[in-house]
Amino acid sequence: MFSPEIETIDRKALKEMQLERLKYTVRYAYENVPMYRERFDAIGLKPEHIKTFKDLENIPYTTKDDLRDHYPFGLYAVPMKKIIRIHASSGTTGKPITCGYTRRDLDNWSTCLARLLSMAGATDEDIFQISFGYGLFTGGFGLHYGVEKLGATVVPMSSGNTERQLMLMKDFGVTALIATPSYAMYLGETAKREGILQDLKVRLICMGAEASTAETHESLQHIFNAFPTENYGLTEVGGPGVAGECREKAGMHINEDMFYPEIVNIEKNKVLSEGEEGEMVLTTLTKEGMPILRYRTKDITSITYEPCKCGRTLARMSRVKGRTDDMLIIRGVNVFPSQIESVLMGMEELGKTYEIIVDRVNYMDTLEVKVEVDDANLLTDYSKLEELVAKIKHKLRVVLQIDVKVKLVEPFSIKRAEGKVKRVTDLRKK
């Protein structure tokens, strides 16, 4: 363990630490961030009113729109001379989300990630190839400094240039890959197709930036003969490093000394109990540059506080089921892309790349899944093709409770993404 004194801490001692840090963070945000001061004053709330974890529920949520409305530096709590790093989201739906870090913030961030990499089984003898993009995106630099803090070797490849990625993985003896699930899959498919998969020494795959399913992990483990793990984080609270899987793969351990998690039923404005599924809401406990109170992540998950078989006592969040904003409503039925992925990844006849196309025809919603077959020869055998399509439709019907159109296409015919993959095209919006 990288931080055994925290990772195995007695939960009573942890709760005392969290409450102390929570009270400090609330006061710190109130005194240094005008938005929080205005919101508190508008409802007559003062920092000294927050005496228990239950009192936290009186604080209004922070949303992505809040961060956009105060672009670029309106939520920073320190003068710019103390901000030594700025990261930002892509800003594909408007102004980007920025996040400012003090020197202490960067040190805490790298500690969080070193813990998660160690949880996954990494050591200071590993050679990590980082295939996340470097730049304003938090993933590349975040994992980079986490690997360095762990004491391992970094190959800062960045994203793209798949041929060179594979060459370096082979020549440098890379033992650990950091990438999105979709790009890790693409690297594996390409290495297999080019006949060099057996030359790679990758034993660990650390994934983030996209949600993934158990079936995706199984597929990657089969392709690379490597152990796949997932980490969780988001730019709004500092980037990756909020939580990550250990070798037990029984949920993602949350760095609770740095983040206070709540699972909330937003519609009822109710904090849920252990094991109940709802939206993750996060409060930072140590951020100096940009403290965040009760941030709505829109990620749907649950939490357990039972100690893990690995010996860690930190709470574990379940794999993110989906997002409240990527849920599709098809003819009145709630559909999550992750449900479709679970079906497709569990079928050996299929490849690992797919598209979901939603449309409206004659005032009725339609859902089409386009997926590659594993063997192109299957497309020339009509009876087997028809049988496979029927099999996929049945499996999707069982999971989704609606009929889905299925189209099988040739291997490598669907465009690959080298960054975050976009699986869903919703033509209804046009």
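Notes on the structure in this doc start here.

The rules behind the values
Residues numbered from 1 in each chain as written. Predicted model: local features only at pLDDT ≥ 70, side-chain atom pairs only at ≥ 80, totals over all residues. Heavy atoms only, no water. Pairing = 2+ DSSP bridges. Helix = DSSP H or I, 4+ residues; strand = E, 2+ residues; numbered from the N terminus. Contact = heavy atoms within 4.5 Å. Axes fitted to C-alpha atoms, helices over the stretch in contact; angles between N-to-C directions. Salt bridge = Lys/Arg side-chain N within 4 Å of Asp/Glu carboxyl O. Buried < 20%, exposed > 50% of the residue type's maximum accessible area, 1.4 Å probe, protein only. Core = buried A, V, L, I, M, F, W, Y, C linked by side-chain atoms within 4.5 Å. Parallel < 35°, antiparallel > 145°, perpendicular 65-115°, else oblique. Nonpolar A, V, L, I, M, F, W, Y, C, P; charged D, E, K, R; others polar. Arc of directions from axis to C-beta.

## What about the sheet that holds strand S13 (residues 295-301)?
With antiparallel pairing, the five strands of this open sheet are ordered in space as S11-S10-S12-S13-S16. A strand with exactly one partner marks an edge of an open sheet, and here the two such strands are strand S11 (270-271) and strand S16 (322-323). When strand S10 (residues 259-265) meets S11, the two strands line up antiparallel, connected through two bridges. Counted as the bridge partner of Asn-265 is Lys-270 from S11. Helix-sheet contacts for helix H2 (residues 11-32) involve S10 and strand S12 (278-284), and the interaxial angle to S10 is about 85 degrees.

## Let's talk about the pattern of salt bridges
By the definition in use, this model includes 26 salt bridges. One salt bridge connects Glu-245 with Lys-249, and the closest N-O pair in it is separated by 3.0 Å. Residue classification places Glu-245 among the buried residues on the basis of a relative accessible area of 4%. Here the residues in one salt-bridge network are Glu-230, Glu-245, Lys-249 and Arg-319, joined through shared partners.

## Things to note about the nonpolar core
Ranked by internal contacts, the top residues of the largest apolar core, which has 50 residues, are Phe-224, Ile-340, Leu-367, Ile-392, Leu-396 and Leu-408. Leu-367 has contacts with Ile-330, Val-335, Ile-340, Ile-356, Ile-357, Val-358, Leu-400, Ile-402, Val-404 and Lys-405, leaving out every residue within four places of it along the chain. Membership of the second largest hydrophobic core comes to 46 residues, among which are Leu-45, Leu-56, Ile-254 and Tyr-295.

## Focus: the packing of helix H5 (residues 103-119) against helix H6 (residues 138-150)
At a minimum axis distance of 7 Å, the contact between H5 and H6 shows a crossing angle of 75 degrees. Between H5 and H6, the angle is such that the two are roughly perpendicular. On H6, the residues that touch Asp-107, Trp-109, Ser-110, Thr-111, Leu-113, Ala-114, Leu-117 and Ser-118 of H5 are Thr-138, Gly-142, Leu-143, Tyr-145, Gly-146, Val-147, Lys-149 and Leu-150. Residue classes in the contact of H5 with H6 are distributed as eight nonpolar, six polar and two charged.

## Comments concerning helix H3 (residues 34-42)
Taken together, the buried positions of H3 are Met-35, Tyr-36 and Phe-40. Projected down its long axis, H3 carries its buried residues within an arc of 125 degrees, all on one side. Facing away from the buried side of H3, by more than 90 degrees, are the exposed residues Glu-38 and Ala-42. Residues of H3 that are buried sit in contact with H2 and helix H4 (64-69). Once H3 finishes, Gly-44 follows within two positions and takes phi at roughly 75 degrees, a positive value.

All quantities given are derived from atomic positions and should not be read as evidence of function.
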